[in-house]
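# Summary of the model geometry
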Amino acid sequence: MYPLYWTTSKGGIFMRYSYEFKRKAIELFYQGEWPETPDGVRTDTFHKQIRDWVKLEQRHGSDINKCQGTNKYWSPEEKYELVCQVLSGQGLRAVAIVAGINSGQLYQWVHKYKTLGYNGLINKPKGRPPKDCKMKVPKTISTRELKESEYEELIRLRAEIAYIKAENEVIKKEIALREEKEAARLKAKKQRLSKRSANKAIN
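Quick caveat: nothing in here was measured; it's all calculated off a predicted structure. (Residues numbered from 1 in each chain as written. Predicted model: local features only at pLDDT ≥ 70, side-chain atom pairs only at ≥ 80, totals over all residues. Heavy atoms only, no water.)

### Looking at the side chain of Ser103
Our working rule: Strands are runs of DSSP state E lasting at least 2 residues, helices are runs of H or I lasting at least 4, and numbering of each runs from the N terminus. Here, two residues are considered to be in contact whenever any of their heavy atoms come within 4.5 Å of each other.
Tracing the backbone through its elements, the reader meets Ser103 in helix H6 (residues 103-116). Among all residues touching Ser103, those that are not within four sequence positions of it are Asp52, Leu92, Arg93 and Ala96.

### Observations concerning the pattern of salt bridges
Here is the rule we go by: Whenever Lys or Arg places a side-chain nitrogen within 4 Å of a carboxyl oxygen from Asp or Glu, that contact is recorded as a salt bridge. Note on exposure labels: buried denotes an accessible area under 20% of the residue type's maximum, exposed denotes more than 50%, and partly exposed covers the range between, all computed with a 1.4 Å probe on protein chains only.
Applying the stated criterion across every chain, the model contains four salt bridges. Across the salt bridge formed by Arg42 and Asp44, the nearest N and O atoms sit 2.8 Å from each other. You can call Asp44 partly exposed: its relative accessible area is 34%. Of the charged contacts, one joins Lys172 and Glu169 as a salt bridge, the two residues approaching to 4.0 Å between their closest N and O atoms. Residue Lys172 and its partner Glu169 are both found in helix H7 (residues 148-202); the two are separated by three residues, about one turn of the helix. Residue Lys172 is classed as exposed on the basis of its relative accessible area of 53%.

### Observations regarding the nonpolar core
Counted only if it meets this: Remark: nonpolar core denotes a set of buried residues (Ala, Val, Leu, Ile, Met, Phe, Trp, Tyr, Cys) joined through side-chain atoms within 4.5 Å.
In this structure, Tyr80, Leu82, Ile101, Leu106 and Trp109 are the most contacted members of the largest nonpolar core, which totals 17 residues. Contributing elements (two or more residues each) for this core: helix H4 (76-87), helix H5 (92-99) and H6. Looking at this core, the element that brings in the most residues is H4, giving five residues. Setting aside residues up to four positions removed in sequence, Trp109 forms contacts with Trp74, Lys79, Leu82, Val83, Ile101 and Leu121. By size, the runner-up hydrophobic cluster in this structure holds nine residues, among which are Ala25, Ile26, Val41 and Phe46.

### Notes on the UniProt feature "coiled-coil region" (unreviewed entry) in the protein chain
Our working rule: UniProt positions are given in the numbering used here, feature names are shortened, and annotations may be inferred rather than shown by experiment.
UniProt's feature table lists "coiled-coil region" (unreviewed entry) at residues 163-196, given in the numbering used throughout. As a span, residues 163-196 carries 100% helix and 0% strand, and end to end its C-alpha atoms are 50 Å apart.

So, in structure tokens, the structure goes:
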């Protein structure tokens, strides 16, 4: 049972693991054991990676660890939504697990956005460009020339909206509780008046 290969990126060096390696590591985790840490990898980092595999499998099924979202096409808008969640304060690993992708992949998207802005999230066309200019494929990707400050403002507003929504839910619960208490008070008052009326009728 060995890792598949090493790969480098702007975000650092990442270890790629085979599906068989992941499955064996997950099985050992459920047995309360850890596999041997590969050379060149910190033990705590490796254990965190295994816990991520377990959480991914629990949320998305065992097949998710075969590719971890690498075969899925992610549009710039979808990448941007995930990047916004990270930049607004949510944990990178938690966001990656919910999305079903490797945390290293999400880290790269965040890094590209911070470095190049929204344009850094646009997927580059694969393959060599055609030599004959007449055979050039028309571009289907349109860049959005927006200011960096506009994106930052959007992220801030989204975070504020999320906070306001949560605050509104708390207020709604408080109002409902007050209304419930008031209804109980009126009911008790009505019962007291009914008893008094009944006592007067008897006397």
